[in-house]
Amino acid sequence: MTIAVLIVAAGKGTRAGGDIAKQWRPLAGQRVIDWTIAAFKRAGCDTIMVVRDPENEHAAEALAGYDNLLHADGGADRSTSVRNGLIALKDRGITRVLIHDAARPCVSTQVIHETLAALDHAPAAAPGLAVTDALWTGAEGHVTGTQDRNALFAAQTPQAFHFDAILAAHLALDEVAADDVEVARKAGLPVRITQGDVNNIKITRPEDFARAEHILRSSMDGIPDIRLGNGYDVHRFGPGDHVILCGIKVPHDRGLQGHSDADVGMHAVTDALYGAMAEGDIGRHFPPSDPQWKGAASEIFLRHAVELARSKGFVISNVDCTLVCEFPKIGPHAETMRTQMAEIMGLDRDRVSVKATTSERLGFTGRGEGIAALTTATLVRA
Ligand SMILES: Nc1ccn([C@@H]2O[C@H](COP(=O)(O)OP(=O)(O)OP(=O)(O)O)[C@@H](O)[C@H]2O)c(=O)n1
Ligand SMILES: C[C@](O)(CO)[C@H](O)COP(=O)(O)O
C-alpha cells in the first residue's frame, strides 16, 4: 500500500482578506502551509503533493525550503486543482490518497489515521462533525423554519480514497464539486464518515487566524509547547573583597571582573531563558559596548528575560543553575540565592535550583582563575 497526501493550496483566499493568500501567511511562528505539511509528516505520511499556483511568488518562497515535496499546478476551482494533483500522482504506484485543504493547519494525527484506516472497509472516507446546534432557515433577518439536524454533518478534510477510484471519478466529473466526497458520490462510491475534530477548522475568514493560532499554540497534537534553554557564562577573578552570585553578595578575597556586576550565575540563568525563546543572549539585549550597562545589577537583565517570556505567553516551569568554582564555597549561600532568584522571577522556590561543584582543581576554575555557571531552564506556553 503506497499512500500519498494531496494538499490543495492554489486558492486565492478571498474571504480571509489580506494581500497574501491565507495558506502562505504566517501563523504561530511559521506559515499556514508549514503547519499543514508538518501535520502529515508527523502522522507518518512522506509522499506529499502540494497543488499551488505556479505564478504565485509567495508559494514559490514558502515551498523552496522543502526537499522531496511534489508539486502540481492549480486550477480555477478546487475540483480542478485536485484533479491536476491526482493526474500528477498517476503512475507513481499510489494506492491510497488523502486530499486535504492547505487551509486546515490544525488537523490532528488521530483524524488522519482514523480516516485512512476507514479505507480498509470502503473506497472512500472523510471526517465529519455531527451538527449539534439547532439549525434554522431564515429570510430577511427572521427565522422561517427549523431544519432537522439529525442527519447533518459538517464536512472536513482530509478526505481519503482508493487512488484509482477517485482519479476515475474526477476524470468523469463534468461540473464543479464542493469537495471530493461529492465527486466520489457522483461516481457511485460509498463514503464512510469518520470522526471529525472541532479543532480541525478551515481558515476561511480573517478571525479564523486567531482561532487557529490559539489551537496550535495551546496544543500541538496534544504535545504542549515546552521549550528548553541552556545558558553558560564565565567571569574572571580580579581584585576585590566579594563576588555577586545569583543576586547575593558573597564575601571573598577576590572579586569578579565584568562590564556589569559580573554575576555569572544570574547571567547563565538569563541566557537560558533567552535561549529557550530563541531570543539570542544578554549581549544582544544589553550590548557590552553600551556604557549605560557598566556596573549594572544583573537583576535588570533577568527581569527583562522574564518579562519577555511573559509577553510571549510563556510561563517559566523551572530553572537549574550550577556554579563551578573551588572558592568561595557556595553551599552556605545556595538557599539564599534560590530565594533571591525565585523572587525576581516570580516563581515558587521549588522551581529554582542553585547548586555548585568544583572541577577537581582542573582547568581555569580548578586553578581559581574564575567562576563558570551553567543553567537549564524550561518554559511552557499555556
Ligand atoms: N482553485 C482553487 C481553490 C481552492 N483551493 C484550495 O482549496 C482549499 C479550500 O478552499 P477554500 O477555503 O474555499 O479556499 P479559497 O478558494 O482559497 O478561499 P476563498 O473562497 O475565500 O477565495 C484551500 O486550501 C485552497 O487553497 C485550490 O487549491 N484551488
Ligand atoms: C473541502 C471542504 O473543506 C470541506 O469542508 C470545503 O468544501 C472547501 O471549501 P468551501 O468553499 O469553504 O466550502
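This text follows the structure it describes.
**Observations concerning the overall build of the protein chain**
Looking only at helices and strands, the protein chain has 12 helices and 19 strands in total. Counting across all 382 residues of the protein chain, residues that qualify as buried make up 39%. When contacts within the protein chain are restricted to residue pairs at least 6 apart in sequence, those whose partners lie at least 24 apart make up 70%.

**As for the environment of Leu-86**
Note that Leu-86 resides in helix α3 (residues 78-89). On a C-alpha basis, the gap between Leu-86 and Asp-164 in space is 9.4 Å, while along the polypeptide they are 78 residues apart. What Leu-86 contacts, discounting residues up to four positions off in sequence, is Leu-6, Ile-166, Leu-167 and His-170.

**Details of the site of ligand 2**
Inspection of the region around ligand 2 gives Asp-101, Ala-155, Gln-156, Thr-157, Ala-178, Asp-179, Lys-202 and Thr-204 as its neighbouring residues. Of the residues that constitute the shell around ligand 2, the class distribution is two nonpolar, three polar and three charged.

**Looking at the sheet that holds strand β16 (residues 255-256)**
Taken in spatial order, the five strands line up as β16-β13-β19-β17-β18 in an open sheet, and their pairing is mixed. In this open sheet, the two strands that pair with only one neighbour each are β16 and β18 (352-357). Note: strand β13 (residues 225-238) against β16, two bridges, orientation antiparallel. Within β16, the position partnered with Gly-238 by the bridge is Gly-255.

**Some points on the packing of helix α8 (residues 264-276) against helix α10 (residues 299-311)**
At a closest axis distance of 9 Å, the pairing of α8 and α10 adopts a crossing angle of 20°. Here α8 is positioned roughly parallel relative to α10, judged by the angle of their axes. Between α8 and α10 the crossing geometry is left-handed. Contact with α8, carried on its side by Met-266, Val-269, Thr-270, Leu-273 and Tyr-274, involves Phe-301, Leu-302, Ala-305, Val-306 and Ala-309 of α10 and no other residues of that element.

**Details of the packing of α3 against helix α5 (residues 163-172)**
Relative to each other, α3 and α5 sit at 130°, their axes nearing to 10 Å. With respect to α5, the element α3 is oriented oblique. Handedness of the α3/α5 crossing: left-handed. Residues Val-82, Arg-83 and Leu-86 of α3 form the contact with α5, whose participating residues are Ile-166, Leu-167 and His-170. For the contact of α3 with α5, the class distribution of residues is four nonpolar, one polar and one charged.

**Quick word on the site of ligand 1**
Near ligand 1 there are 22 residues, and of these Val-8, Ala-10, Gly-11, Thr-14 and Arg-15 occur at the shortest range. When grouped by side-chain class, the residues that make up the shell around ligand 1 number eight nonpolar, eight polar and six charged.

**A word on the nonpolar core**
In summary, soluble globular proteins display a tendency toward joint burial of nonpolar side chains. Residues Leu-6, Ile-7, Val-8, Ala-9, Met-49, Val-51 and Val-97 are the most contacted members of the largest nonpolar core, which totals 56 residues. For Ala-9, the residues in contact, after removing those within four places along its chain, are Gln-23, Ile-33, Val-50, Val-51, Arg-52, Ala-59 and Ala-102. Residues Phe-237, Ile-244, Met-341 and Val-352 belong to the second largest nonpolar core, which totals 40 residues.

**A short note on the pairing of strand β11 (residues 159-162)**
Here strand β6 (residues 96-101) runs beside β11; their pairing, made up of four bridges, is antiparallel. Residue pairing in the sheet places Leu-98 in a bridge with Ala-160 of β11. Bridge analysis of strand β7 (residues 124-130) against β11 gives two bridges, and the strand direction is antiparallel. Looking at the pairing, Ala-125 lines up with Ala-160 of β11.

**What about the pairing of strand β17 (residues 314-324)?**
Bridge count between β17 and strand β19 (residues 370-381): 10 bridges; the pairing is antiparallel. Note on β19: the bridge partner recorded for Phe-314 is Arg-381. Note: β17 against β18, six bridges, orientation parallel. In the sheet register, Thr-322 faces β18, and the bridge partner there is Lys-355. One crossover worth recording links β17 to the parallel β18 by way of helix α11 (residues 331-345), and it is right-handed.

**Focus on helix α7 (residues 208-218)**
Those residues of α7 not exposed but buried are Ala-212, Ile-215 and Leu-216. For α7, the buried positions fall inside an angular range of 95° around the axis, keeping them on one side.

**So, unusual backbone geometry**
Omega for the peptide link from Thr-157 to Pro-158 comes to 15°, which places this bond in the cis form. Position of Pro-158 relative to the elements: it lies in the loop between β10 (153-155) and β11. Between Phe-327 and Pro-328 the backbone carries a cis peptide bond, its omega angle lying at -5°. Tracing the chain through its elements places Pro-328 in the loop between β17 and α11. Of note in the backbone geometry, Cys-246 takes a positive phi value of approximately 50° without being a glycine. Within the secondary structure layout, Cys-246 lies in the loop between β14 (242-245) and β15 (248-251).

Definitions and cut-offs
- Residues numbered from 1 in each chain as written.
- Chains lettered and ligands numbered in written order.
- Predicted model: local features only at pLDDT ≥ 70, side-chain atom pairs only at ≥ 80, totals over all residues.
- Helix = DSSP H or I, 4+ residues; strand = E, 2+ residues; numbered from the N terminus.
- Buried ≥ 20, exposed ≤ 12 C-beta atoms within 10 Å, placed from the backbone.
- Contact = placed C-beta atoms within 7 Å.
- Near = placed C-beta within 6 Å.
- Nonpolar A, V, L, I, M, F, W, Y, C, P; charged D, E, K, R; others polar.
- Pairing = 2+ DSSP bridges.
- Axes fitted to C-alpha atoms, helices over the stretch in contact; angles between N-to-C directions.
- Parallel < 35°, antiparallel > 145°, perpendicular 65-115°, else oblique.
- Left-handed = near helix turned anticlockwise from the far one by under 90°.
- Core = buried A, V, L, I, M, F, W, Y, C linked by C-beta atoms within 7 Å.
- Right-handed = clockwise from strand over helix to strand, strands pointing away.
- Arc of directions from axis to C-beta.

Honestly, that's just the spatial picture; any functional story needs more than this.
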